Amino acid sequence: MIRVVGTGAGAPLPDDVAAGAELVVGGRRHLEAVRLPRAAERIVLGPLAPALDAIAEYVEKDRPVVVLASGDPGFFGIVRALAERFGARRLDVRAGVSSVAAAFARVGLPWDDAVVVSAHGRELRTAVNVCRARPKVAVLTGPGSGPAELGAALAGSERVLVVASALGDPARERVERVTPAEASARDWEAAVSVVLCLDERRALGAVRTVAGPAEGPAGWALDEGAFTHRDSMITKFEVRALALARLGPRLGDLVWDVGAGSGSVAVECARLGAAVVAVEKAADGVERIRANAGAHGVDVTVVHGEAPEALAGLDDPDAVFVGGGGRELPAVVAACARRARRTVVVALAALDRVPGVREALAGAGFECDGVLLQSSRLAPLPGEVTRLAATNPVFLLWGVRPPAGSEGDTQ
């Protein structure tokens, strides 16, 4: 049996927690904080693989093992690795309070509606995009992915960062509220436990039945009437439905909507969980996008400018939607394709623009495909008669970047 004991957000372990163990594994500070059996072997946790191999030798001989961990070891902790290697039935887990639960308790907020994302040993960009998209996020940090780096990435946003350090240690615990700019200018100590990223206007949230991120939308490809738009200049819902399927927006992604117009695609991507940047050259369009985002309760960052120049200072996207047309369209698509990590989707009405867009996508190493969408909607006539009213045909082209190392990959 492997007994796994969590400290509970820095709370001291019982002095006799390792009693009877023949092998004790844990961080140096955990091993130094408890009384170890005189004959027990001890392993200071560093690389995980050698520790698991050592544990295996004891488990095979039914010799008792104790593993000491911080907080709740089943929450982004060592329980996963132990269960995968030895099976859950061999584990006796005694959980402490996680750093996330402790941090929310310190600021007096419920966290059943919070999103928790780990940046420890992982790319920071996923955590950044979740923070952009959701009003209440807890980020588990690590070297190179701490409050300073997170703050720099969120510069200019209206989020507040709550940096919780040394939770549970009466002498060292600190909980500080800072702006992203303030966080980026600080040299933070290694004792940071967790960072909360909050939109304080929505920090309480609604009463929930299911914990975790907000439920996905009940539907998408919303009717044009769900958006404010100018003279029907909006991506029609039939086109939006296929565009969303090809974009695949999800929590942790960053999506650009270039030539956003009313922002209908941007808003739909944000409703599906992605962080979204809408680029629009018309001033009235910028205000329209903000109004539509507000009406649907989502965050969309709006950039007033013309592509491709307006794209220069933006973070690289996972997916891009390009709307509109004009002679500059192939150049805009090429600029987006050079930056997109996964896919680019383009909606256009003019047949003569199709070859240039395909060439731009293929030139960036994308596998290109597309369709001509033509639909007719039911329309009532006097006398309780219904006819079919044709909508304008639209070309929808998309490029998908091949996986790294696959045939045809140019990256």
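Small disclaimer: the values here were computed from a predicted structure and weren't measured.

Each value, and the rule that gives it
- Residues numbered from 1 in each chain as written.
- Predicted model: local features only at pLDDT ≥ 70, side-chain atom pairs only at ≥ 80, totals over all residues.
- Heavy atoms only, no water.
- Helix = DSSP H or I, 4+ residues; strand = E, 2+ residues; numbered from the N terminus.
- Contact = heavy atoms within 4.5 Å.
- Areas by Shrake-Rupley, 256 points an atom, 1.4 Å probe, with all protein chains shown as cover.
- Lys, Arg positive; Asp, Glu negative; His and termini not counted.
- Charge placed at Lys NZ, Arg CZ, Asp CG, Glu CD.
- Salt bridge = Lys/Arg side-chain N within 4 Å of Asp/Glu carboxyl O.
- Buried < 20%, exposed > 50% of the residue type's maximum accessible area, 1.4 Å probe, protein only.
- Core = buried A, V, L, I, M, F, W, Y, C linked by side-chain atoms within 4.5 Å.
- Disulfide = S-S within 2.5 Å.
- Pairing = 2+ DSSP bridges.
- Axes fitted to C-alpha atoms, helices over the stretch in contact; angles between N-to-C directions.
- Phe/Tyr/Trp six-rings, centres within 6.5 Å; stacked < 30°, edge-to-face > 60°.
- Right-handed = clockwise from strand over helix to strand, strands pointing away.

A.B. asks: Please give an account of the overall build of the protein that cites residues and values.
C.D. replies: Within the protein, the secondary structure is distributed over twelve helices and 19 strands. Across its three principal directions, the C-alpha atoms of the protein cover 90 × 50 × 50 Å. Sequence separation of 24 or more characterises 64% of the internal contacts of the protein that already satisfy a separation of 6 or more. When the accessible surface of the protein is split by element, carbon and sulfur atoms take 52% of a total near 20200 Å². Considering the protein, the positive charge centre built from 46 side chains and the negative charge centre built from 50 side chains are found 2 Å apart.

A.B. asks: Explain the pattern of salt bridges to me, using residue names and the numbers behind them.
C.D. replies: Under the definition given, this model contains 30 salt bridges. Between Arg177 and Glu200 there is a salt bridge; the shortest N-O distance is 2.3 Å. Of this pair, Arg177 sits in strand β9 (residues 174-178) while Glu200 is found in the loop between β10 (192-198) and α8 (237-247), placing the two residues 23 residues apart along the sequence. When its relative accessible area of 43% is taken as the criterion, Glu200 is described as partly exposed. Where salt bridges share partners, they join Glu158, Arg159, Asp199, Arg201, Arg202 and Asp299 into one cluster.

A.B. asks: Can you tell me about the nonpolar core, naming the residues and giving the values?
C.D. replies: Counting 33 residues, the largest nonpolar core has Trp256, Val258, Leu311, Val322 and Val344 as the members making the most contacts within it. Within the residue set of this core, elements represented by two or more residues are β11 (254-258), β12 (275-280), β14 (319-322), α11 (329-339), β15 (343-348), α12 (354-363) and β19 (394-400). With seven residues, the single largest contributor to this core is α11. Other than its neighbours up to four places away in sequence, Val258 contacts Val279, Ala307, Leu311, Val320, Phe321, Val322, Gly323, Val332 and Cys336. Within the second largest apolar cluster, 31 residues are counted, among which are Val255, Ala260, Val300 and Ala347.

A.B. asks: An account of the state of the cysteines is needed here, citing residue identities and associated values.
C.D. replies: Scanning the model with the defined rule gives zero disulfides in all. Free of any disulfide, Cys131 has its nearest neighbouring cysteine sulfur in Cys197, separated by 3.7 Å. For Cys131, a relative accessible area of 0% translates into the label buried.

A.B. asks: Before we move on, can you summarise the sheet that holds strand β4 (residues 65-69) with the specific residues and values?
C.D. replies: Spatially, five strands are ordered β3-β2-β4-β1-β5 in an open sheet, and the strand pairing comes out parallel. Looking at the sheet topology across the chains shown, the edges are occupied by β3 (41-44) and β5 (91-94). This sheet shows a mean twist of 15 degrees between the axes of neighbouring strands, independent of strand direction. Here four bridges tie strand β2 (residues 23-26) to β3, and the two strands are oriented parallel to one another. The residue of β3 that forms the bridge with Val25 is Ile43.

A.B. asks: I'd like to hear about the packing of aromatic side chains, residue by residue, with values.
C.D. replies: For the structure on display, the rule yields three aromatic pairs. Measuring from ring centre to ring centre gives 5.3 Å for Phe75 and Phe76, while their planes differ by 90 degrees; the resulting arrangement is edge-to-face. Look at Phe75 and you get partly exposed, because its relative accessible area is 27%. Accessibility expressed as a relative area gives 48% for Phe76, which makes it partly exposed. Each ring, one from Phe75 and one from Trp111, has its centre 6.4 Å from the other, and the planes form 80 degrees; the classification is edge-to-face. With Phe75 in the loop between β4 and α3 (79-86) and Trp111 in the loop between α4 (99-106) and β6 (115-118), this pair connects stretches of sequence that are 36 residues apart.

A.B. asks: If you had to explain the pairing of strand β8 (residues 160-165) to someone new, which residues and values would you point to?
C.D. replies: Among the six residues that make up β8, six are buried, leaving the element largely enclosed by the rest of the structure. Burial along β8 is two-sided: the face carrying Val160, Val162 and Ala164 and the face carrying Leu161, Val163 and Ser165 are both buried. Here β8 pairs with β10 via six bridges, running antiparallel. Of the residues in β10, the one forming a bridge with Leu161 is Cys197.

A.B. asks: Any chance you could break down the pairing of β15 for me, citing the residues and the numbers?
C.D. replies: Here β15 lies mainly inside the structure; six of its six residues are buried. Neither face of β15 is exposed, since Thr343, Val345 and Ala347 on one face and Val344, Val346 and Leu348 on the opposite face are all buried. Pairing of β14 with β15 involves four bridges; the strand directions are parallel. When the bridges of β15 are listed, Val322 appears paired with Val346. Following the chain from β14 across α11 to the adjacent parallel β15, one finds a crossover that is right-handed. Here β15 pairs with β19 via six bridges, running antiparallel. Each bridged residue has a counterpart across the sheet, and for Val344 the counterpart in β19 is Gly399.

A.B. asks: So what about the sheet that holds β8? Which residues, and what values?
C.D. replies: Two modes of strand pairing occur in sheets, parallel and antiparallel, and in both the strands are linked by backbone hydrogen bonds. Overall, mixed pairing links the five strands, which are arranged β6-β7-β10-β8-β9 in an open sheet. Every interior strand has two partners, whereas the edge strands, β6 and β9, have only one. Adjacent strand axes in the sheet meet at a mean angle of 20 degrees when their direction is disregarded. Against the sheet, α4 contacts β6, β7 (136-140), β8, β9 and β10, and its axis sits at roughly 55 degrees relative to β10. This element, helix α5 (residues 124-133), spans β6, β7 and β10 of the sheet and lies at about 165 degrees to β7.

A.B. asks: Describe the environment of Pro73, naming the residues involved and giving the relevant values.
C.D. replies: With respect to the secondary-structure elements, Pro73 resides in the loop between β4 and α3. Separated by 20 residues in the primary sequence, Pro73 and Val93 have C-alpha atoms spaced 7.9 Å apart. Filtering out sequence-adjacent residues up to four positions away, Pro73 remains in contact with Val4, Gly6, Ile78, Val79, Val93, Ala95 and Gly96.

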